[in-house]
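A look at the structure
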Amino acid sequence: HRDLHSFPTRRSSDLGSGNAGRSTTINQYQSFISGGSDWPGGGGPGGQGGSAGGAGGNGGGPVILVCDTINFTGIIDVRGGNGANAPGNHTGAGGGGGGGYAVLAAVAYAASSGTIKVTGGSGGTCAGYSGCGTGGAGGTGWSQLISIQ
């Protein structure tokens, strides 16, 4: 049994430009469990590379499983989407979306050998165009397995 307040604080990486998507932090999850009013969403979307630039990647979503028994042997994929490349000269590429998060809580784990993917998406590139800016990478999300007593 782990007290939710003893979890390590993990923040998303804020890589690249301001176009990078941010991830939900475990502090937002802890705040909700402690009486907060809003369930934290997944990773934020990446920003568009200017008014005519490439689109930002989608943010990864949240996955929350609370069960008596979990047999986790597969893959949970909440990665952020990649930003689009610059569409022409003097435009910007989109930022990558922030990674989401996964919380698995169970009384018993029949198996816990599965994989959880939480990385942020890559920023778009200039794709050979000139006078362009590349998109920032999205922040990495997080995951937590909790044993319920």
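Residues numbered from 1 in each chain as written. Predicted model: local features only at pLDDT ≥ 70, side-chain atom pairs only at ≥ 80, totals over all residues. Heavy atoms only, no water.

Our focus in this paragraph is the overall build of the protein. Secondary structure summary: the protein contains one helix and five strands in total. Taken over 149 residues, the protein has a buried fraction of 39%. Of the contacts formed within the protein by residues at least 6 apart in sequence, a portion of 70% connects residues at least 24 apart. For the protein, the exposed surface amounts to about 7300 Å²; the carbon and sulfur share of it is 48%. (Helix = DSSP H or I, 4+ residues; strand = E, 2+ residues; numbered from the N terminus. Buried < 20%, exposed > 50% of the residue type's maximum accessible area, 1.4 Å probe, protein only. Contact = heavy atoms within 4.5 Å. Areas by Shrake-Rupley, 256 points an atom, 1.4 Å probe, with all protein chains shown as cover.)

As a further point, take the environment of P45. Turning to its location among the elements, P45 is positioned in the loop between α1 (26-33) and β1 (62-72). Given a relative accessible area of 59%, P45 falls into the exposed group. In sequence terms P45 and G83 are 38 residues apart; their C-alpha atoms lie 9.3 Å from each other.

Together, I64, V66, V107 and I148 give the surface a local cluster of nonpolar side chains, amounting to about 320 Å² of exposed area. V107 gets classed as partly exposed once you look at its relative accessible area, which sits at 49%. (Patch = residues over 30% accessible without salt bridge, like charges linked within 9 Å, V, L, I, M, F, W, Y side chains within 5 Å. Salt bridge = Lys/Arg side-chain N within 4 Å of Asp/Glu carboxyl O.)

Two numbers describe a pair of aromatic rings. These are the distance of the centres and the angle of the planes. One pass over the structure, following the stated rule, counts one aromatic pair. Where Y101 meets W142, the ring centres are 4.9 Å apart and the plane angle is 5 degrees; that geometry is what we call stacked. Separated by 41 residues along the polypeptide, Y101 in strand β3 (residues 101-112) and W142 in strand β5 (residues 142-147) bring together distant segments of the chain. Y101 gets classed as buried once you look at its relative accessible area, which sits at 0%. (Phe/Tyr/Trp six-rings, centres within 6.5 Å; stacked < 30°, edge-to-face > 60°.)

If you trace the three strands from one edge of the open sheet to the other, you get β1-β3-β5, paired in parallel fashion. Each having just a single partner strand, β1 and β5 make up the two edges of the open sheet. Strand after strand, the sheet turns through a mean of 20 degrees between neighbouring axes, direction not considered. Here β1 runs beside β3; their pairing, made up of ten bridges, is parallel. By the bridge assignment for β3, F72 is matched with S112. (Pairing = 2+ DSSP bridges. Axes fitted to C-alpha atoms, helices over the stretch in contact; angles between N-to-C directions.)

This prediction gives the protein a mean pLDDT of 79; 73% of its residues lie at or above 70. Throughout residues 1-19 the model reports pLDDT below 50, and contacts reaching past four residues in sequence, or to other chains, amount to 49 contacts. (pLDDT = per-residue confidence, 0-100.)

On to unusual backbone geometry. Of note in this structure, H90 is not a glycine but carries a positive phi near 60 degrees. Examined against the element boundaries, H90 turns out to sit in the loop between β2 (75-77) and β3. Assessed through its relative accessible area of 64%, H90 is described here as exposed. With a phi angle near 50 degrees, A127 is a residue other than glycine that sits in the positive phi range.

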